[in-house]
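# Breakdown of the fold
Here is what each chain is made of, one letter per residue.
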Amino acid sequence: GESVGLHLPTLSVQEGDNSIINCAYSNSASDYFIWYKQESGKGPQFIIDIRSNMDKRQGQRVTVLLNKTVKHLSLQIAATQPGDSAVYFCAETIAGYQKVTFGIGTKLQVIP
Amino acid sequence: DTGVSQNPRHKITKRGQNVTFRCDPISEHNRLYWYRQTLGQGPEFLTYFQNEAQLEKSRLLSDRFSAERPKGSFSTLEIQRTEQGDSAMYLCASSPDLNYGYTFGSGTRLTVV
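So, a few notes on the structure that sits alongside this text. Residue positions are given per chain, counted from 1 along the sequence in the order it is written. As they are written, the chains are lettered A onward and the ligands numbered 1 onward, keeping that order. Totals for whole chains, interfaces and linings use every residue, but because this is a predicted model, local features are given only for residues with pLDDT of at least 70 and side-chain atom pairs only at 80 or more, for both listing and counting. The basis for the side-chain values is all heavy atoms of the structure; hydrogens and waters are excluded.

### Some remarks on the overall build of chain A
Secondary structure is summarised from DSSP: a helix means a run of H or I of at least four residues, a strand means a run of E of at least two, and numbering begins at the N terminus for each. Regarding its fold elements, chain A presents zero helices and ten strands. The linear arrangement of helices and strands in chain A, starting from the amino end, is β-β-β-β-β-β-β-β-β-β. Going through the 112 residues of chain A one by one, you find that 42% of them count as buried. In what follows, residue pairs with any heavy atoms lying within 4.5 Å of each other are defined as contacts. Within chain A, counting contacts between residues at least 6 apart in sequence, those at least 24 apart form 55% of the total. Throughout, the Shrake-Rupley method with a 1.4 Å probe supplies accessible areas, and for residues the shown protein chains are the sole cover considered. Surface summary for chain A: the accessible area is close to 5,600 Å², and the carbon and sulfur share equals 48%. His is not counted here, nor are the chain ends, while Lys and Arg score as positive and Asp and Glu score as negative. Charged side chains are reduced to one point each, which is NZ for Lys, CZ for Arg, CG for Asp and CD for Glu. Computed over 10 positive and 9 negative side-chain charges, the inter-centroid distance for chain A is 4 Å. A 1.4 Å probe rolled over the protein chains alone gives each residue an accessible area, and that area as a share of the maximum for its type sets the label: buried under 20%, exposed over 50%, partly exposed in between.

So, in structure tokens, the structure goes:
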């Protein structure tokens, strides 16, 4: 399949280790944030979201952290697996608006 | 209905030709979105429908682009007089009500030669 990860920042991790993917968002008015995973040849897939009234949210093997002071998001993946290899995008919006703005992706490579 | 379906998956066209893409959203989703993605970039918002009404359009959507959702079900995106700069992946997504956990389709890859 085609690559969506050309020339993207790349994070390489050993299988079983934890991964941390960082994102700086641009709009201080944004109050809703989403992480998407995009595998080669596929559309983005929703992973987890967080509202600005929270600073942490956990899902299955994933945790999102939000630091509004420095406009920073992170996605933590526990016990990274080969199936986690993909490009990860953070996205921001203002609740009630339709447009979601995607950031620059990070390519995660899991080393078996 | 297992997801958002887009057709065709790939389209190669000569500059100046018109192309049309189709998106079939998840049947119970009343909101439908079109995004464009170039290699190495995140998707960029193009337009949004709630049922059959087109409620928002990006300034990226020039007058050569038109999108429709005539019966509030499937949608089409047409590009007239294609240019090389139109080469990209065109992604469709749908959601029930205002829910940013969109379900995306696999996209239509357009190459203008």
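### Here we look at the packing of aromatic side chains
Residue and element names in this part refer to chain B. Pairing of aromatic rings covers Phe, Tyr and Trp, the last through its six-membered ring, and needs centres within 6.5 Å; plane angles under 30 degrees mean stacked, over 60 mean edge-to-face, and all others mean tilted. Under the criterion given, the structure shown has 15 aromatic pairs over all chains. Here the aromatic rings of phenylalanine 21 and tyrosine 90 are separated by 5.4 Å at their centres, their planes lie at 40 degrees, and the arrangement is tilted. Taken together, the residues span a long stretch of sequence, with phenylalanine 21 in strand 3 (residues 19-24) and tyrosine 90 in strand 9 (residues 88-95) at a distance of 69 residues. The class of phenylalanine 21 is buried, set by a relative accessible area of 0%. By relative accessible area, which is 0% here, tyrosine 90 ends up buried. An angle of 40 degrees between the planes, with centres 6.5 Å apart, marks the rings of phenylalanine 65 and tyrosine 90 as tilted. Residue phenylalanine 65 is found in strand 7 (residues 65-68), and its partner tyrosine 90 is found in strand 9; the two are separated by 25 residues along the sequence. In this structure, phenylalanine 65 and tyrosine 90 share a single accessibility class: buried.

### A short note on unusual backbone geometry
For the bond running from Asn7(B) to Pro8(B), omega is -10 degrees, close enough to zero to count as cis. We note that Lys71(A) has phi near 55 degrees; this positive angle belongs to a residue other than glycine. Turning to its location among the elements, Lys71(A) is positioned in the loop between strand 6 (62-67) and strand 7 (72-77). For Asn51(B), which is not glycine, the phi dihedral falls at a positive 55 degrees. On the basis of relative accessibility, which here comes to 33%, the residue Asn51(B) falls in the partly exposed class.

### Quick word on the sheet that holds strand 3 of chain B
All names here are of chain B. The antiparallel open sheet is built from four strands, whose spatial order is 1-3-8-7. A strand with exactly one partner marks an edge of an open sheet, and here the two such strands are strand 1 (5-7) and strand 7. The average undirected angle you get between the axes of adjacent strands in this sheet is 15 degrees. Where strand 3 lies against strand 8 (residues 75-79), five bridges are found, and the strand directions are antiparallel. Each bridged residue has a counterpart across the sheet, and for threonine 20 the counterpart in strand 8 is glutamate 78. Note on pairing: DSSP must find at least two bridges between two strands before they are called paired. What counts as an axis is a line fitted to C-alpha atoms, over the stretch in contact for a helix, and the angles between N-to-C directions run from 0 to 180 degrees.

### Quick word on the pattern of salt bridges
Residue and element names in this part refer to chain B. When a carboxyl oxygen of Asp or Glu is within 4 Å of a side-chain nitrogen of Lys or Arg, the pair counts as a salt bridge. On inspection of all chains with the given rule, the structure shows six salt bridges over all chains. Salt-bridge contacts for glutamate 83 lead to arginine 64; the nearest nitrogen and oxygen are separated by 3.4 Å. Placement of the pair is glutamate 83 in the loop between strand 8 and strand 9 and arginine 64 in the loop between strand 6 (53-57) and strand 7, with a sequence separation of 19 residues. Judged by relative accessible area, glutamate 83 falls into the partly exposed class, the value being 41%.

### Here's the deal with the layout of surface pockets
Only protein atoms enter the 1 Å grid used here, on which a cavity is any set of points holding a 1.4 Å probe that cannot leave and a pocket is any open set flanked by protein within 12 Å on both sides along at least five of seven lines; residues with an atom within 4 Å of a point are listed as lining. Grid points are joined across faces, edges and corners, and a volume is the space filled by probe spheres set on the points. Of the volumes computed, that of the largest pocket is approximately 260 Å³. Surrounding the largest pocket, 15 residues form its lining, Lys99(A), Thr101(A), Glu44(B), Phe45(B) and Leu60(B) being those nearest its centre. Following the grouping adopted for this structure description, the nonpolar residues are Ala, Val, Leu, Ile, Met, Phe, Trp, Tyr, Cys and Pro, the charged ones are Asp, Glu, Lys and Arg, and the polar ones are all others, Gly among them. Classifying every residue of the lining of the largest pocket gives six nonpolar, five polar and four charged. In this structure, the second largest pocket encloses a volume near 210 Å³.

### Some thoughts on the pairing of strand 2 (residues 19-24) of chain A
Side chains on a regular strand alternate between the two faces of the sheet. All names here are of chain A. Residue alternation in strand 2 divides its side chains into a buried set, Ser19, Ile21 and Cys23, and an unburied set, Ile20, Asn22 and Ala24. Sheet analysis places strand 2 next to strand 7, joined by six bridges and oriented antiparallel. Across the sheet, the residue bridging to isoleucine 20 is glutamine 76, located in strand 7.

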